[in-house]
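Summary of structural features
One letter stands for each residue in the lines below.
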Amino acid sequence: MFQRILVANRGEIALRVIRACQELGIGTVAVFSEADRGAHYLDLADEAICIGPASSSESYLKIEHIIAAAELSEAQAIHPGYGFLAENYDFAEQCRDSGIEFIGPPQEAMRKLGDKVEARKIAMEAKVPVVPGSDGLITSEEEAVRVANEIGYPVLIKATAGGGGKGIRPATDEKSLRTELKAASAEAEKAFKNAGVYIEKFVQKPRHVEVQVLADQHGNAVHLWERDCTMQRKHQKLIEESPAPKLPENVRLEMCEAATRLVRTSGYFNAGTVEFIVDQDNNFYFIEVNARIQVEHPVTEMVTGIDLIRQQILVAAGEKLSFTQDEITSTGCSIEVRINAEDPDQGFRGCPGTITDLIIPGGLGVRFDSHVYTGYRISPHYDSMIGKLIVYKPTREEAIACMLRALNEFRIDGPGIKTTIPLAKKILMHSVFRNAEGDTKFVERTW
Ligand code: ADP
């Protein structure tokens, strides 16, 4: 087992990883940018090393600085968290080349699955349903027109290297397809240095359901059931839950088994998420793999009782999974609300500032994963998420009631600070959410 792990991230996920390490008796090294200097979670690590100025390209994304910090502190492994370098296979490779274990999947699987066209091919090979679309990259305008005519409009043009909701453009007819294709390709080249695009049928009013998977380095792969992340705003998830409400049991099982097959086919190990969209008739289609831990992992932990960060560390250390698929049961219902410091009246722009008053809710079944406290300064340099409120109850109805009660208790104040709590409450009270009749555009349409 590792003696020391460096956490190559910040904020709530850095704290989450430090906590898991401490419970395993593993020493921790935190890294921080100048903007995060003095944050309390850094005191919990055995060592904290400054890796550069506020700008993430000069600090949390600076591969050489992070590897140097690991060498200096004699850390044997690096946990990347989510975001920043978590899905960067150059980083994974450089860690391993330096004799430091990267707590994540093998580089080859990361590289293949990070490319959406490649990932689609692997999914097809694993007999996992994909959205009808082009066989591979689009090589000419005429090919695009032919594919779109075959599958029918509307279609989506997607960048093969896309991510974070960027690089996706709809086309409703041949004329818009021709113009959007050029724009999409140019945009992809600019944003991802890869102009490759492909075409998918636009699935009407889908739900977003994803499956948590876990695989060790000895060929064992399991799934830890699904999460529903349909409540999104501009492709950013707002509320996540497990199990997915109103998903027929046979569909749920098929989807989870498909995710495990895909993991086996791609030679993947460690934790990952296989994302699907589900149409109005409960047909599911693979869209992508997230080769890392996800923000919403706690809802899976609550319903299965399995600590996913702990499992990531054990797998990276070469241990075998200590449970079989049959031993992983999902009981009760868990819901997570992301609390972002954003101003809904300013187009949900981040609103940095110092927290002067903070009251965190509690009670049976309430968990708050966050690094903030009274006096904490929310930095303008990073993501606006300041914490995740998670509840766990026997039924969905009770979980919704508990979440609303907890959000009502929540107080976070400071000059200029606004949060997404009021929006979360509106969603939780809405009959569409309560009846699980929403689709991924419900929030944008309604508010
Ligand atoms: P990214 O990697 O940028 O997150 P995804 O491929 O995961 O891109 O898609 C992001 C979101 O776009 C999905 O969660 C879903 O809401 C929507 N989406 C993706 N593909 C389709 C599709 N074929 N039809 C309808 N909506 C889609």
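Residues numbered from 1 in each chain as written. Predicted model: local features only at pLDDT ≥ 70, side-chain atom pairs only at ≥ 80, totals over all residues. Heavy atoms only, no water.

For the protein, the name recorded in an unreviewed UniProt entry is Biotin carboxylase, with Thalassoglobus neptunius as its organism. As its UniProt record puts it under Catalytic activity (unreviewed entry), the protein is described as follows: "N(6)-biotinyl-L-lysyl-[protein] + hydrogencarbonate + ATP = N(6)-carboxybiotinyl-L-lysyl-[protein] + ADP + phosphate + H(+)". The Pathway (unreviewed entry) field of the UniProt record for the protein holds the comment "Lipid metabolism; malonyl-CoA biosynthesis; malonyl-CoA from acetyl-CoA: step 1/1." (UniProt positions renumbered as here; feature names shortened; annotations may be inferred.)

**Remarks on the sheet that holds strand β10 (residues 221-233)**
Ordered by their spatial adjacency, 8 strands build an open sheet running β13-β12-β9-β10-β11-β14-β21-β19, and the pairing between neighbours is antiparallel. The open sheet has two free edges, formed respectively by β13 (284-290) and β19 (366-369), since each of these has just one partner strand. The sheet shows a mean angle of 25° between the axes of neighbouring strands, taken without regard to direction. Examined bridge by bridge, strand β9 (residues 207-215) and strand β12 (residues 270-278) share 9 bridges and lie antiparallel to one another. (Pairing = 2+ DSSP bridges. Helix = DSSP H or I, 4+ residues; strand = E, 2+ residues; numbered from the N terminus. Axes fitted to C-alpha atoms, helices over the stretch in contact; angles between N-to-C directions.)

**As for the UniProt feature "domain: Biotin carboxylation" (unreviewed entry) in the protein**
Residues annotated in UniProt with the feature "domain: Biotin carboxylation" (unreviewed entry) correspond here to residues 1-447. Annotated as residues 1-447, this span is 34% helix and 27% strand, and its ends, taken at the C-alpha atoms, are 49 Å apart.

**Section: the packing of aromatic side chains**
Counting across every chain of the model gives 7 aromatic pairs. With centroids separated by 5.9 Å and ring planes inclined at 90°, the aromatic side chains of Phe 91 and Phe 102 adopt a geometry described as edge-to-face. Pair noted here: Phe 91 is in helix α4 (residues 89-97) and Phe 102 is in strand β5 (residues 101-102), with a separation of 11 residues, a long-range link. Using a relative accessible area of 0% as the deciding quantity, one classes Phe 91 as buried. Residue Phe 102 is classed as buried on the basis of its relative accessible area of 0%. Residue placement shows Arg 396 over the ring face of Phe 433; its charged tip is 4.6 Å from the ring centre. (Phe/Tyr/Trp six-rings, centres within 6.5 Å; stacked < 30°, edge-to-face > 60°. Buried < 20%, exposed > 50% of the residue type's maximum accessible area, 1.4 Å probe, protein only. Lys NZ or Arg CZ within 6 Å of the ring centre and 35° of its normal.)

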